[in-house]
Amino acid sequence: MDDLSRWLKKMPKPISLIVVDTLARATPGMNEDRANEVAAVVEAFDNLKDSFGATVLVIHHSPHGDKTRAKGSIALKGAVDFEAALIRTSDDAVVKLVSTKVKDGEPFADAFLRFQSVDLGGGATSAVLVESEAPSNRTASGRKIRLTPNDKLFMLALGAEPIDEATVRAAFLERFN
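Reading guide: rules and limits
Residues numbered from 1 in each chain as written. Predicted model: local features only at pLDDT ≥ 70, side-chain atom pairs only at ≥ 80, totals over all residues. Heavy atoms only, no water. Helix = DSSP H or I, 4+ residues; strand = E, 2+ residues; numbered from the N terminus. Contact = heavy atoms within 4.5 Å. Salt bridge = Lys/Arg side-chain N within 4 Å of Asp/Glu carboxyl O. Buried < 20%, exposed > 50% of the residue type's maximum accessible area, 1.4 Å probe, protein only. Core = buried A, V, L, I, M, F, W, Y, C linked by side-chain atoms within 4.5 Å. Polar contact = N/O pair within 3.5 Å; in protein donor to acceptor, adjacent residues only side chain to side chain. Pairing = 2+ DSSP bridges. Axes fitted to C-alpha atoms, helices over the stretch in contact; angles between N-to-C directions.

**Q** I'm lost on the environment of Val118 in this one. Help?
**A** Tracing the chain through its elements places Val118 in strand β5 (residues 111-121). For the pair Val118 and Val128, spaced 10 residues apart in sequence, the C-alpha to C-alpha distance is 7.0 Å. Not counting chain neighbours up to four residues away, the residues in contact with Val118 comprise Ala124, Thr125, Ser126 and Val128.

**Q** Just to check I follow, could you spell out the pattern of salt bridges for this structure?
**A** Counting across every chain of the model gives six salt bridges. Taking the shortest distance from any N to any O, the salt bridge between Arg6 and Asp3 comes out at 2.3 Å. Here Arg6 pairs with Asp3, and both are found in helix α1 (residues 2-9), just three residues apart, close to one helical turn. Of the residues examined, Asp3 reaches a relative accessible area of 57% and is grouped as exposed. Here Glu37 makes a salt bridge to Arg34, at a shortest N to O gap of 3.5 Å. Look at Glu37 and you get partly exposed, because its relative accessible area is 25%.

**Q** What should I look at first to understand the nonpolar core in this one?
**A** When a protein is soluble and globular, its nonpolar side chains tend to lie buried together. Counting residues in each nonpolar core, the largest one holds 14 residues, and the members touching the most others are Leu8, Ile15, Ile18, Leu23, Phe45, Leu48 and Phe52. Those elements giving two or more residues to this core turn out to be β1 (17-21) and α3 (35-52). Among the elements that line this core, the one with the most residues is α3, at six residues.

**Q** Whenever I open this one, the side chain of Thr89 confuses me. Can you help?
**A** Locating Thr89 in the fold gives a position in the loop between β3 (82-88) and β4 (94-102). Within polar-contact distance, the side chain of Thr89 engages the backbone oxygen of Val94 at 2.8 Å. The residues contacting Thr89, other than those within four sequence positions of it, are Val94, Val95, Lys96, Phe112 and Pro135.

**Q** For this particular structure, what's the right way to read the sheet that holds β5?
**A** Backbone-to-backbone hydrogen bonds pair the strands of a sheet. The strands run either parallel or antiparallel. Read across the sheet, four strands follow the order β3-β4-β5-β6 without closing on themselves; strand pairing throughout is antiparallel. Single-partner strands in this sheet number two, and they are β3 and β6 (124-131). Adjacent strand axes in the sheet meet at a mean angle of 40° when their direction is disregarded. Pairing geometry for β4 and β5, over four bridges, is antiparallel. Across the sheet, the residue bridging to Lys96 is Phe112, located in β5.

Structure representation (structure tokens):
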């Protein structure tokens, strides 16, 4: 991090945002499950924040089995002021932005976003996220999912979007078996 600090100090304009994309790439060899290793990285990010008066934005992954939380030690979530998650929806082009932690304030309402291609000139393109409507409930083959009134009530009780049968079955068996 000392090399990074020296490099940032040479910038012609003050640094206001430092983006770490991704935590895993920025910390090779770190065990994300060990709180003491995560704490050392958080301390380094805090030093950057304090040295430059900048916001540090860390891009991090969710584990394969649970898309509702970040990978690794809970020490990371405990250290952040704000956390949000991008969650896949039934439409591959649309993601759901969910507020998962706000230290001092109220969480924002969920938002649906779609990737839009942007021409950067010279044959280069990039993508930006723009507001979108919530995706319709369709299967992978594009067939519309028809929810019964009981299905809708069940989904409302769970506070969830439609999910696959195997997930519902496993949750039911875990709860009532």
